[in-house]
Amino acid sequence: MSFIKPSNALEQCKRLLNKARNTFKGKHHLYTGETLNWFQVILRLERTVIPVIFPWVLFCSGYGFFISLIHYFDTDIVFPERNGVITNAILSFNVGLTLLLVFRTNTAHDRFWEARKLWGRLVNTVRNLAQGIYIVIKDSSPQEKVEKEAILKLLVAFSIAMKLHLRAEAMDKQLASLMSENQYFKLKSVRHSPLQIALWIRDYLQHQYERNCVNIYQLTALHALLDELINILGGCERILKTPLPLIYSIKFRLLVLIYCLILPLELVKNLTWWTGLIMAFVSFTLLSIEQIGSEIEEPFGYDANDLPLDVICNTMLQNVEELIAVAPSSSCSWRV
């Protein structure tokens, strides 16, 4: 009877876990925290694209069937094969569409990835600033401890307010739970809630310096982290308020339309009644890629392909709540 060594069993478990993460289900769970099967993942991601492009796909498919119908009745709709005009035109369009599609996709992905890096920096900065405030600023009374914990919650409130600001949404209950009623009332009267929250945090740090609870070097370091939060906010606003020029989308849609009007004239000679189906597939492929680019170039919304901002904000909230709950209450608690 053979036995599996514990080390080999552990390695096998790690391999199985890595394989699970590389599946549609595993990657989607890692990204959003939702547990769905592979079919549900595909439907979730495709349902934001298909409704937008479906009328165009239906039009191209119907046009292809119309060309097949005319060709069936021997109507002279195509150029003679020896001419080669249609073939050369399609080859030229293939080059132009490919270059424009690559540019459109890469530009949209760059904006998406830059936004993800900014929110990753936001998570790290909130963690560093929360730990810095908790450790550097000493509380000598229960009231001061309550004030410090309230400021730590304002760090998460800054992130949630930033999310709502980028989505152009009103303040919600989650934001209200992280501050006092007076602060929440004041926040309703300002136009830029994340900046107001950052001002409250900065004023708290300055007050602690005036009380000699922090020295000038500690204050400078904490202010630098707060400055980083505002810089991240500005970076996200730059992405939001500087969309890709619409001329690229207009030009691409125009070229796709012309391409789909010419292509059936070449395909119908060999495919006959299959022309409409092939045109549906070609138009769906081109338009879906372009629509994905349009969707991810502004990644702060609720689309399935956008950034999971709710998950990221909840992660920061859990980090701060755990810091408040289990952080050491004395400078000697780290000793063995």
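As shown above, the structure is provided for reference.
Definitions and cut-offs
- Counting starts from 1 at the beginning of each chain's written sequence and moves along it residue by residue.
- Only residues with pLDDT of at least 70 get local features here, since the model is predicted, and only at 80 or more are side-chain atom pairs given and counted; chain-wide, interface and lining totals rely on the full set of residues.
- For the side-chain quantities, the full set of heavy atoms in the structure was used; hydrogens and water were omitted.
- For the purposes of this entry, the term helix denotes a DSSP run of H or I that reaches at least four residues, the term strand denotes a run of E that reaches at least two, and both are numbered from the N terminus.
- Any two residues having at least one pair of non-hydrogen atoms within 4.5 Å are treated as being in contact.
- Each accessible area is a Shrake-Rupley estimate made with a 1.4 Å probe; only the visible protein chains count as cover when residues are assessed.
- Interaxial angles span 0 to 180 degrees and are taken between N-to-C directions of axes, which are lines fitted to C-alpha atoms, for helices over the stretch in contact.
- Angle categories: roughly parallel below 35 degrees, roughly antiparallel above 145, roughly perpendicular from 65 to 115, and oblique for all the rest.
- Crossing handedness follows the turn of the near helix against the far one: under a right angle anticlockwise gives a left-handed crossing, and clockwise gives a right-handed one.
- Only Asp, Glu, Lys and Arg are considered charged, only Ala, Val, Leu, Ile, Met, Phe, Trp, Tyr, Cys and Pro nonpolar, and every remaining residue, Gly among them, polar.
- Categorising residues by exposure relies on relative accessible area from a 1.4 Å probe, with only protein chains included: less than 20% of the type maximum marks a residue as buried, more than 50% marks it as exposed, and the intermediate range marks it as partly exposed.
- In the analysis that follows, any N or O atom pair within 3.5 Å is treated as a polar contact, provided that within protein one partner can donate a hydrogen and the other can accept it, and provided that, for residues neighboring in sequence, both atoms belong to side chains.
- The salt bridge criterion pairs a side-chain nitrogen of Lys or Arg with a carboxyl oxygen of Asp or Glu, the two atoms within 4 Å.
- Buried Ala, Val, Leu, Ile, Met, Phe, Trp, Tyr and Cys residues that are joined via side-chain atoms within 4.5 Å together make up what is termed a nonpolar core.
- Stacked, tilted and edge-to-face are the three classes assigned to paired rings of Phe, Tyr and Trp, where Trp is represented by its six-membered ring and a pair needs centres within 6.5 Å; plane angles under 30 degrees give stacked, over 60 edge-to-face, the rest tilted.
- Only when the NZ of Lys or the CZ of Arg is both within 6 Å of the ring centre and within 35 degrees of the ring normal is a charge said to sit over the ring.
- Each patch is assembled from residues with relative accessible area greater than 30% and no salt bridge, linking like charges that lie within 9 Å and nonpolar side chains (Val, Leu, Ile, Met, Phe, Trp, Tyr) that lie within 5 Å.
- Definitions used throughout: a 1 Å grid over protein atoms alone; a cavity as a set of points that fits a 1.4 Å probe which cannot get out; a pocket as an open set with protein on both sides within 12 Å along at least five of seven lines; a lining residue as one with an atom within 4 Å of a point.
- Grid points are joined across faces, edges and corners, and a volume is the space filled by probe spheres set on the points.

Undergrad: Can you help me understand the overall build of the chain in this one?
TA: Summing up its helical and strand segments, the chain has 13 helices and zero strands in all. Its helices and strands in sequence order give the chain the pattern α-α-α-α-α-α-α-α-α-α-α-α-α, from N to C terminus. Considering only contacts in the chain between residues 6 or more positions apart, those separated by 24 or more positions represent 74%. As displayed, the chain offers around 20100 Å² of accessible surface, 62% of which is attributable to carbon and sulfur atoms.

Undergrad: Can you walk me through the packing of helix α8 (residues 181-188) against helix α9 (residues 193-210) in this structure?
TA: The description of two helices packed together rests on the angle between their axes and the distance between the axes. Relative to each other, α8 and α9 sit at 140 degrees, their axes nearing to 10 Å. Judged by the inter-axis angle, α8 sits oblique to α9. Of the two elements, α8 crosses α9, and the hand of that crossing is right-handed. Residues Gln183, Lys186 and Leu187 of α8 touch α9, and the partners they reach there are Ser193, Gln196, Ile197 and Trp200. The class makeup of the residues in the contact of α8 with α9 is three nonpolar, three polar and one charged.

Undergrad: Help me understand unusual backbone geometry in this model?
TA: Comment: phi is negative for the bulk of residues other than glycine, and the bulk of peptide bonds are trans. Notably, asparagine 212 is not glycine yet its phi reads approximately 65 degrees, a positive angle. Here asparagine 212 is to be found in the loop between α9 and α10 (216-241). In this structure asparagine 212 comes out as exposed when scored by relative accessible area, which is 69%.

Undergrad: Even after reading the chapter, I still don't get the side chain of histidine 223, so can you show me in this structure?
TA: Tracing the backbone through its elements, the reader meets histidine 223 in helix α10. There is a polar contact of 3.1 Å between the side chain of histidine 223 and the side chain of arginine 202. Those residues in contact with histidine 223, other than ones at most four positions away along the chain, are Arg202, Leu205 and Gln206.

Undergrad: Please clarify how the pattern of salt bridges should be interpreted in this entry.
TA: Oppositely charged side chains can pair when the atoms bearing their charge come close. In this structure the tally under the stated criterion is 11 salt bridges. A salt bridge links arginine 104 to glutamate 297; the shortest N-O distance between them is 3.4 Å. In this pair, arginine 104 is assigned in helix α5 (residues 85-136) and glutamate 297 in the loop between α12 (275-296) and α13 (309-326), connecting sequence segments 193 residues apart. Glutamate 297 carries the same exposure label as arginine 104, and that label is buried. With a shortest N-O distance of 2.9 Å, lysine 163 and aspartate 310 are connected by a salt bridge. One end of the pair, lysine 163, is in helix α6 (residues 142-166); the other, aspartate 310, is in helix α13, with 147 residues separating them in the sequence. Classification of aspartate 310 by relative accessible area gives partly exposed; the value is 33%. Taken together, the shared-partner salt bridges in this structure form one network comprising Arg104, Arg253, Glu290 and Glu297.

Undergrad: So what exactly am I meant to see when it comes to the nonpolar core here?
TA: Here is a general trend for soluble globular proteins: nonpolar side chains tend to be buried in one another's company. Within the largest apolar cluster, 56 residues are counted, with the highest numbers of intra-cluster contacts made by Trp119, Leu122, Ile133, Leu152, Leu155, Met162 and Ile197. For this core, the secondary-structure elements that each account for two or more residues are α5, α6, α8, α9, α10 and α13. Ignoring anything within four residues of it in the chain, the contact list for tryptophan 119 reads Ser159, Met162, Lys163, Leu166, Cys236, Phe300, Leu307, Leu309, Ile312, Cys313 and Met316. Formed by 26 residues, the second largest nonpolar core is a distinct cluster that contains Ile53, Leu97, Leu101 and Leu267.

Undergrad: How should I be thinking about the packing of aromatic side chains in this particular structure?
TA: Under the definition given, this model contains one aromatic pair. A cation sits over an aromatic face here: lysine 148 above tyrosine 134, 4.4 Å from the ring centre. In this arrangement the basic side chain of arginine 167 is found over the ring face of tyrosine 302, its NZ or CZ atom lying 4.0 Å from the centre.

Undergrad: Sorry if this is basic, but what is going on with the packing of α9 against α10 here?
TA: α10 packs onto α9 with a crossing angle of 175 degrees between their chain directions and a minimal axis gap of 10 Å. Between α9 and α10, the interaxial angle falls into the category roughly antiparallel. Here Pro194, Leu195, Ala198, Ile201, Arg202, Leu205, Gln206 and Tyr209 of α9 come into contact with α10, specifically with Ile216, Leu219, Leu222, His223, Leu226, Asp227, Ile230 and Leu233. Grouping the constituent residues of the contact of α9 with α10 by class yields 12 nonpolar, two polar and two charged.

Undergrad: When you look at a nonpolar patch on the surface in this model, what are you seeing that I'm missing?
TA: A cluster of nonpolar side chains, contributed by Phe65, Leu69, Tyr72, Phe73 and Trp273, occupies part of the molecular surface with about 570 Å² of accessible area. Checked against the element boundaries, tryptophan 273 lands in the loop between α11 (246-271) and α12. Assessed through its relative accessible area of 42%, tryptophan 273 is described here as partly exposed.

Undergrad: Explain empty space enclosed by the protein here, please?
TA: Any empty space left between the atoms is revealed when a probe the size of a water molecule rolls over them. Counting across every chain of the model gives two cavities of 30 Å³ or more. Considered as a void within the structure, the second largest cavity measures approximately 50 Å³ in volume. Ile137, Lys138, Asp139, Glu144, Glu147, Lys148, Tyr204, Gln208 and Arg211 are the residues that line the second largest cavity. At the level of elements, α6 and α9 are the ones that each hand at least two residues to the lining of the second largest cavity. In terms of residue count, the dominant contributor to the lining of the second largest cavity is α6 (three residues).

These figures come from the coordinates and say nothing about function on their own.
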